[in-house]
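# Residue-level structural notes
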Amino acid sequence: MPQVRIIAKNFMDMVASLPAMKLDKLYNNAFICEAILRSLPPLAKKYVLQMLYIEALMSAKLMEEWVLGDGISKHKVAIDRLIQLRILTEAVDRKKETTYKLNPTFQINLQKHIVHGGILPREPMPSNVTVRLPTLEDLEAYAAEQWECFLLHLINSNQVERTTNLSSSMMKIFQRGLLSQRDREPPKLTEGGFQFLLMDTNAQLWYIIREYITNSEERGLDTADLISFLLELSFHVTGEAYNMNTLTDIQRTVIKDLADLGLVKLQQGRKESWFIPTKLATNLSISLADTSSRKQGFIVVETNFRLYAYSSSRLHCEILRLFSRVEYQLPNLIVAAITKESLYTAFENGIMAEQIISFLQQNAHPRVAEKLPSVPENVTDQIRLWESDLNRVEMTPAHLYDEFPSRDVFEAACDFAREYGGLLWEDSKKMRLVVKAEIIMQMKEFLRSQRQ
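All of these numbers come straight from a predicted model, not from anything done at the bench. (Residues numbered from 1 in each chain as written. Predicted model: local features only at pLDDT ≥ 70, side-chain atom pairs only at ≥ 80, totals over all residues. Heavy atoms only, no water.)

All told, the structure shown has 18 salt bridges when counted by the stated rule. Where Asp 222 meets Lys 22, a salt bridge forms, and the shortest distance between an N and an O atom there is 3.6 Å. With Asp 222 in the loop between α11 (201-214) and α12 (223-233) and Lys 22 in helix α2 (residues 20-26), this pair connects stretches of sequence that are 200 residues apart. The exposure class of Asp 222 is partly exposed, given its relative accessible area of 26%. Note that Arg 321 is salt-bridged to Glu 318, the shortest N-O span being 4.0 Å. A single network of salt bridges, built from pairs that share partners, joins Lys 22, Lys 25, Glu 217, Asp 222 and Asp 225. (Salt bridge = Lys/Arg side-chain N within 4 Å of Asp/Glu carboxyl O. Helix = DSSP H or I, 4+ residues; strand = E, 2+ residues; numbered from the N terminus. Buried < 20%, exposed > 50% of the residue type's maximum accessible area, 1.4 Å probe, protein only.)

Quick look at the structure:
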């Protein structure tokens, strides 16, 4: 069964992929430097702070002495990360020894930020101008509702009651890889789409933000400017109002898209308009790195494979339908059953047993989340067993070769197929072998050369 995995990169992966000129442009913003410092692995963070006021080149051997012997692997990960982000520049001196130096732009701006602090491009609006600002609880509920509405639109669900302001071209960008459509047929979720729905909110958000940034240049937006604005947004205070007039025209367009995703809430006063960041926006630079903040679960799974979801969310109901049979739905309760048939349908759609189990564990109701295990072992074991039933036989297109003129030719053909990673089976007594269909052309050329 094919396996499709969606990797939801965070901002730092995107930053690392930028050209050197755009990276230096980003590092001119002190807040970006701080956001990147926050995202680094602990050891990499320590190296940056230790080298912050060192102008000279630092020997690689000297830096290795900063860690104990059992920390070498973490040391290499930290150095690789710093080089990827161009925070460290690597050089080789005359003695052929590797040396490192902090990126001067990053170093100077981080020094200024640590010593003098930073001033955001905009300050919160005074309370006498903004009226009836939502409470933090209302804001969190708004963000969850907007995100749910967006996801339902994304999967073309007929359960959507409200429209979204995102353009159809933007929705098509987000749907790329998640939906497939044949002539005159309604769009269907792909394997990646099914797996996307089972991700937690942070991973889903990062997949969408990644697509939004990746396709920004098609809409006339500079990638570095967009990343800079989104990271800058993460330093705003949740629940505070910020004047829309402090934004450029491009930033206003972006902020309207972010409002449809639930990252900000837009409000209009008599004279002024403002945006209010939600937790989704202020956690942008740390949400994947910080897994300690976990949303409250809602699912209880019993040993008889019955599933109770304490939720009124249409999205939760749609997700549960992916791998269970929904029996009935009450105003605040969804009752479903995990059956062999419902799981087989899920497996055929590309969802894996571990993803289903992980989803049930991550969303376990607080009453059962405290127990270990939060999902009964007989249920998790049976889900894995039903998946293994489908994986007993794996079909691989192949080609059989026999009747070799000599043993030398047969052994040479085996070695050739093995080198290409295409040898599936060999029988040395009867001089027969089976190779993958993908290397047939190479095998033909090789055997033709052996006859000559």
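Picking up where we left off.
Let's shift gears to a nonpolar patch on the surface. Residues Leu 49, Tyr 53, Ile 114 and Val 115 make up a contiguous nonpolar surface patch of about 410 Å² in total accessible area. Position of Ile 114 relative to the elements: it lies in helix α7 (residues 104-116). Judged by relative accessible area, Ile 114 falls into the partly exposed class, the value being 46%. (Patch = residues over 30% accessible without salt bridge, like charges linked within 9 Å, V, L, I, M, F, W, Y side chains within 5 Å. Areas by Shrake-Rupley, 256 points an atom, 1.4 Å probe, with all protein chains shown as cover.)

Taken as a whole, this structure holds 13 aromatic pairs when the rule is applied. Seen from their ring centres, Phe 305 and Trp 386 are 5.9 Å apart, and the 45 degrees between their planes marks the pair as tilted. Placement of the pair is Phe 305 in the loop between β9 (299-301) and β10 (306-309) and Trp 386 in helix α19 (residues 377-390), with a sequence separation of 81 residues. Where Phe 416 meets Phe 446, the ring centres are 4.5 Å apart and the plane angle is 10 degrees; that geometry is what we call stacked. With Phe 416 in helix α20 (residues 407-419) and Phe 446 in helix α21 (residues 440-451), this residue pair connects regions lying 30 residues apart in the sequence. Phe 446 shares its class with Phe 416; the two are buried. Its guanidinium or amino end placed over the ring of Tyr 142, Lys 265 lies 4.3 Å from that ring's centre, counting from NZ or CZ. (Phe/Tyr/Trp six-rings, centres within 6.5 Å; stacked < 30°, edge-to-face > 60°. Lys NZ or Arg CZ within 6 Å of the ring centre and 35° of its normal.)

The subject of this paragraph is the sheet that holds strand β1 (residues 58-59). Taken together, 3 strands build an open sheet; the order of strands is β1-β3-β2 and the sheet is antiparallel. Whereas interior strands pair on both sides, the edge strands pair on one side only; in this sheet they are β1 and β2 (88-92). Where β1 meets strand β3 (residues 98-102), 2 bridges bridge the pair, whose relative direction is antiparallel. Among the inter-strand pairings, Ser 59 is bridged to a residue of β3, identified as Thr 99. (Pairing = 2+ DSSP bridges.)

If you look at the biggest cluster of nonpolar residues, it comprises 111 residues, and the most contacted ones within it are Tyr 27, Ile 87, Leu 307, Phe 323, Ile 356 and Leu 360. Per-element tally for this core: the top contributor is α11, with 8 residues. Setting aside its immediate chain neighbours within four residues, Leu 360 contacts Ile 299, Val 301, Leu 307, Phe 323, Ile 338 and Val 375. If you look at the next biggest cluster of nonpolar residues, it comprises 16 residues, including Val 409, Cys 414, Ala 417 and Val 435. (Core = buried A, V, L, I, M, F, W, Y, C linked by side-chain atoms within 4.5 Å. Contact = heavy atoms within 4.5 Å.)

Looking at the protein chain as a whole, its pLDDT mean stands at 84, while 90% of the residues score no less than 70. Across residues 1-8, confidence stays below pLDDT 50; counting only partners more than four residues off in sequence or on other chains, it has 21 contacts. For residues 287-293, every residue scores under 50 in pLDDT, and the model assigns this stretch 8 contacts once sequence neighbours within four places are set aside. (pLDDT = per-residue confidence, 0-100.)

This paragraph deals with the sheet that holds strand β6 (residues 242-243). Spatial ordering of the open sheet is given by β6-β8-β7, a layout of 3 strands whose pairing is antiparallel. Where the open sheet ends on each side, the last strands, each with one partner, are β6 and β7 (264-268). Pairing of β7 with strand β8 (residues 273-277) involves 5 bridges; the strand directions are antiparallel. Its bridge partner being in β8, Gln 267 is matched across the sheet by Trp 274.

Looking now at the pairing of β8. Judged by how many residues are buried, β8 sits mostly within the fold: 4 of 5 residues are covered. Where β7 folds back onto β8 in an antiparallel hairpin, the turn is made up of 4 residues.

Note that Leu 154 resides in helix α8 (residues 136-154). C-alpha separation for the pair Leu 154 and Gly 193, spaced 39 residues apart in sequence, amounts to 9.7 Å. Beyond its immediate sequence surroundings of up to four residues, Leu 154 is in contact with Met 171, Phe 174, Gln 175, Leu 178, Leu 179, Phe 196 and Ile 208.

Before going further, it helps to examine the side chain of Ser 216. Note on placement: Ser 216 falls in the loop between α11 and α12. Its relative accessible area of 0% is what places Ser 216 among the buried residues. Excluding residues that lie within four positions of it along the chain, Ser 216 makes contacts with Leu 221, Thr 223 and Leu 226.

In a packed pair of helices, the relevant descriptors are the angle between the two axes and the axis-to-axis distance. The N-to-C vectors of α12 and helix α13 (residues 249-261) enclose an angle of 60 degrees; their axes lie 11 Å apart at closest approach. In terms of orientation, α12 and α13 fall into the oblique class. Crossing of α12 against α13: the hand is right-handed. Contact residues: α12 offers Leu 226, Phe 229, Leu 230 and Leu 233, while α13 offers Gln 251, Val 254, Ile 255 and Leu 258. (Axes fitted to C-alpha atoms, helices over the stretch in contact; angles between N-to-C directions. Parallel < 35°, antiparallel > 145°, perpendicular 65-115°, else oblique. Left-handed = near helix turned anticlockwise from the far one by under 90°.)

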